[in-house]
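What follows is the residue order along each chain.
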Amino acid sequence: MYNYFRWYPEGKIIFAAPSRPLVMQQIEACHNIVGISQEWTIDMTGQTSPTVRACLWKTKRVFFVTPQVLEKDIQSGTCVVKNLVCLVIDEAHRALGNYSYCVVVRELMALCVQLRILALTATPGSKQQTIQDVINNLQISTLEYRNESDHDVIPYVHDRKIEIIEVFHLF
């Protein structure tokens, strides 16, 4: 995100997360970790009126939104997609059926928008077809997989204590 922010001074970057708490968590991480100034960022959820959002799309550069807000604003034209350079999709495993992530990507592809889409998930799914559906729905061309044994993940993995509790059901 930060590179796209630097590389494209007029570009717009969107981070989509499926709930208001996740939107707030991600914007806070952006301010504290990435270092993009608050003057350029805004969170927009269903609690932000469409009129206010229309003004914010014109004045801000980095948006933290719910997928439903993004879908509505693309469809209404208040989100000017020609300026989009990067779309980050959090909890990408939700991109199934007509979920807003799928609709947004279809709309962007239909409008021939040239942008980078980065899809993130910690739980891609357990069935190969489900994972393939997410890949297809988000137009994913490159997949990177990490697990708790990877050298760049190990510093963030904490010891776990697993306790198995057997439950018997009596009829």
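Heads up: the structure comes first, above all this text.
Since the structure is predicted, the reported quantities are computational estimates derived from the model, not experimental observations. (Residues numbered from 1 in each chain as written. Predicted model: local features only at pLDDT ≥ 70, side-chain atom pairs only at ≥ 80, totals over all residues. Heavy atoms only, no water.)

A. How the structure looks around the sheet that holds strand E1 (residues 12-16). Reading across the sheet, the five strands line up as E2-E3-E1-E4-E5 and stay open at both edges, with parallel pairing between neighbours. One side of each edge strand has no neighbouring strand; the edge strands of this open sheet are strand E2 (41-44) and strand E5 (116-119). Mean inter-strand twist for the sheet, computed between neighbouring axes without regard to direction, equals 15°. As paired strands, E2 and strand E3 (residues 62-65) are joined by four bridges and run parallel to one another. Directly across from Asp43, in E3, lies its bridge partner Phe64. (Pairing = 2+ DSSP bridges. Helix = DSSP H or I, 4+ residues; strand = E, 2+ residues; numbered from the N terminus. Axes fitted to C-alpha atoms, helices over the stretch in contact; angles between N-to-C directions.)

B. Fine view of the pairing of E1. Within E1, five of the five residues are buried, leaving the element largely enclosed by the surrounding structure. Both faces of E1 are covered, namely the face carrying Lys12, Ile14 and Ala16 and the face carrying Ile13 and Phe15. Bridge count for E1 against E3 is four bridges, and the pairing is parallel. Note that in E3 the partner of Phe15 across the bridge is Phe64. (Buried < 20%, exposed > 50% of the residue type's maximum accessible area, 1.4 Å probe, protein only.)

C. Broad picture of the nonpolar core. In terms of nonpolar packing, the biggest core is built from 28 residues, with Ile14, Leu70 and Leu108 touching the most fellow members. If near-sequence neighbours (up to four positions away) are discounted, Leu108 is found in contact with Ile74, Val81, Leu84, Leu87, Val113 and Leu115. Tyr4, Cys30, Val62 and Cys86 belong to the second-largest nonpolar core, a separate cluster that totals 15 residues. (Core = buried A, V, L, I, M, F, W, Y, C linked by side-chain atoms within 4.5 Å. Contact = heavy atoms within 4.5 Å.)

D. Region of interest: unusual backbone geometry. Of note, the phi angle at Glu91 is positive, near 60°, even though the residue is not glycine. Tracing the backbone through its elements, the reader meets Glu91 in the loop between strand E4 (84-89) and helix H5 (100-110). Of the residues examined, Glu91 reaches a relative accessible area of 24% and is grouped as partly exposed.

E. Just helix H3 (residues 50-59), in detail. Among the residues of H3, those classed as buried are Arg53, Ala54, Leu56 and Trp57. One side of H3 holds all its buried residues, which, seen down the axis, span an arc of 165°. Exposed positions of H3 whose direction lies more than 90 degrees from the buried face are Thr51, Lys58 and Thr59. The elements touched by buried residues of H3 are E1, E2, E3 and helix H4 (67-76). (Arc of directions from axis to C-beta.)

F. Region of interest: the packing of aromatic side chains. Under the criterion given, the structure shown has seven aromatic pairs. Here Tyr99 and Tyr101 contribute two aromatic rings whose centre-to-centre distance is 5.2 Å and whose plane-to-plane angle is 75°, an arrangement assigned as edge-to-face. The same class applies to Tyr99 and to Tyr101, which are both buried. Aromatic rings pair up to connect Tyr2, Phe5 and Trp40 into one cluster. Here the basic side chain of Arg61 rests over the ring of Phe5, its NZ or CZ set 4.0 Å away from the ring centre. (Phe/Tyr/Trp six-rings, centres within 6.5 Å; stacked < 30°, edge-to-face > 60°. Lys NZ or Arg CZ within 6 Å of the ring centre and 35° of its normal.)

G. Looking closely at the side chain of Ser100. Mapped onto the elements, Ser100 comes out in helix H5. Given a relative accessible area of 5%, Ser100 falls into the buried group. Residues within four places of Ser100 in sequence aside, it is in contact with Pro67, Gln68 and Glu71.

H. Representation of the environment of Gly125 within the structure. Along the chain, Gly125 falls in the loop between E5 and helix H6 (128-137). Under the relative-accessibility criterion, Gly125 is labelled partly exposed at 40%. Taking the C-alpha atoms as reference points, Gly125 and His93, 32 residues apart in sequence, are found 6.9 Å from one another.

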